[in-house]
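# Structural characterization, general
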Amino acid sequence: MSTSKTPRSGVGGQPVADPGPRVPRRRGDGIPALAFLTPSIITFLVFVLAPTVGVLVLSFYDWNLLSDGTFVGLDNFDRLAHDDRLLGVYGSTTYMALVILAVNVAVGLLLAVLLETRMPAWLRGFFRLSFLFPFVVSASAVALIWRFLLNKDLGLVNYLLGLLHVDRIDWLGSSAFAPVSVIIVSSWKTIGFSILVYIAGLQSIPAQLKEAAIVDGAGAWTRFWRITFPLLSPTIFFLVVINTINSFQIFAEPRVLTQGGPGDASRTIVEYLYDRAFGDFDLGYASAIGITFTLVLIVLTAIQFRLSRRWTYYE
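Below, the structure is looked at part by part. As the structure is a computational prediction, the values presented were derived from the model and not from experiment. (Residues numbered from 1 in each chain as written. Predicted model: local features only at pLDDT ≥ 70, side-chain atom pairs only at ≥ 80, totals over all residues. Heavy atoms only, no water.)

This part takes up the overall build of the protein. For the protein, the count of helices and strands is twelve helices and four strands. Relative to the globule expectation of 20 Å for 315 residues, the C-alpha radius of gyration of the protein, 27 Å, shows a markedly less compact shape. Overall size of the protein, expressed as C-alpha extent along the three principal axes, is 100 × 65 × 35 Å. Here the protein holds 315 residues, and 33% of them are scored as buried. For the protein, contacts bridging at least 24 residues in sequence account for 64% of all contacts bridging at least 6. Split by element, the accessible area of the protein, about 19,900 Å² in all, is 67% carbon and sulfur. For the protein, the centre of its 24 positive side-chain charges and the centre of its 21 negative side-chain charges are spaced 14 Å apart. (Helix = DSSP H or I, 4+ residues; strand = E, 2+ residues; numbered from the N terminus. Rg over C-alpha atoms; globule rule 2.2 N^0.38 Å. Buried < 20%, exposed > 50% of the residue type's maximum accessible area, 1.4 Å probe, protein only. Contact = heavy atoms within 4.5 Å. Areas by Shrake-Rupley, 256 points an atom, 1.4 Å probe, with all protein chains shown as cover. Lys, Arg positive; Asp, Glu negative; His and termini not counted. Charge placed at Lys NZ, Arg CZ, Asp CG, Glu CD.)

Dropping the structure here:
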């Protein structure tokens, strides 16, 4: 007696492959899964969703933290369109954020490539640690240290420049150099993360491709442009998105270094929002600033994802 199974027929009488035995779904699997997800769900609801909804609701009110809030509809958003100071703060934020982004992405890539060249293992480890250490230190502590280093009269930076016969620079009190100080400190603190991610991306590139290019006579620049950069493009794209969001949200560095001054030369959107909320106790308007700023970041990220299709290569 034959025990072979007759294959099922599909459209046009063609046989359909047998998918094999089905794994029964146990009804009790949902409870353990829910138990594992519960901490993350609670954290998301309490620290992400609830504050977001609260800020959205608060943006339609006039509230000073002490009295009962008054519903004002879209008045807070109408104020945004007539706030000339806000436009200037957006300008200073954009300037500093773009330079910090460029330093992290371009200089970070250069340093990562240099760290992957032939050198003693202990020296490579020393450089990696020295670049990564500022990233794990508190931003306020880093800014406080640099505030002393950049002091016009007693700072080490001006002392070293004086040895080169360069006049003292008012790093923290000049409208021209205050944003530069924020850029230097923020880039110095965050570039270690970019270097670490770049190194991971460089180490994931197959060595056979580089060896084959060397055999074919390709120089260092050709190998980088034809092999390293295309295979590293997803890593570059990731760092562009992350550093864009982070650089637009800097707060501790300008707050500790320059307090946003002089004037609004080094003031960021997050710092301006903080001043409106807890300096002027105008939480409704501050919430409107936060909502629109979030939308700006979402739009920037969407544009980056759209443009990445033209230059990002995935194996």
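Picking up after the structure, the text goes on.
Core analysis: the biggest nonpolar cluster contains 20 residues, and V105, L109, A112, I195, Y198, L232 and I236 have the highest contact counts within it. Per-element tally for this core: the top contributor is helix α9 (residues 220-248), with seven residues. Among all residues touching L109, those that are not within four sequence positions of it are N104, Y198, F224, L232 and I236. Listed in part, the 15 residues of the second largest apolar core include V142, W171, I183 and V185. (Core = buried A, V, L, I, M, F, W, Y, C linked by side-chain atoms within 4.5 Å.)

Two side chains that carry opposite charge are able to pair once their charged atoms sit near each other. One pass over the full model with this rule turns up nine salt bridges. When the shortest N-O distance is used, the salt bridge between R79 and D282 registers 2.8 Å. Highlighted residues: R79 in helix α2 (residues 75-81) and D282 in the loop between α11 (269-278) and α12 (283-308), separated in sequence by 203 residues. A salt bridge links R85 to D264; the shortest N-O distance between them is 2.7 Å. Placement of R85 in helix α3 (residues 84-115) and of D264 in the loop between α10 (252-257) and α11 is noted, with a sequence separation of 179 residues between them. Note on D264: relative accessible area 21%, which makes it partly exposed. A cluster of three or more residues bridged by salt bridges with shared partners is formed by R85, R255, D264, R267, E271 and D275. (Salt bridge = Lys/Arg side-chain N within 4 Å of Asp/Glu carboxyl O.)

When you line up the elements, G125 lands in helix α4 (residues 121-136). Counting along the chain gives ten residues from G125 to L115, while the straight-line C-alpha distance between them is 9.1 Å.

Between G261 and P262 the backbone carries a cis peptide bond, its omega angle lying at -5°. Topologically, P262 is positioned in the loop between α10 and α11. Unusually for a residue other than glycine, L65 sits at a positive phi of about 80°. Position of L65 relative to the elements: it lies in the loop between β3 (61-62) and β4 (70-71). In this structure, Q259 takes a positive phi of about 55° despite not being glycine.

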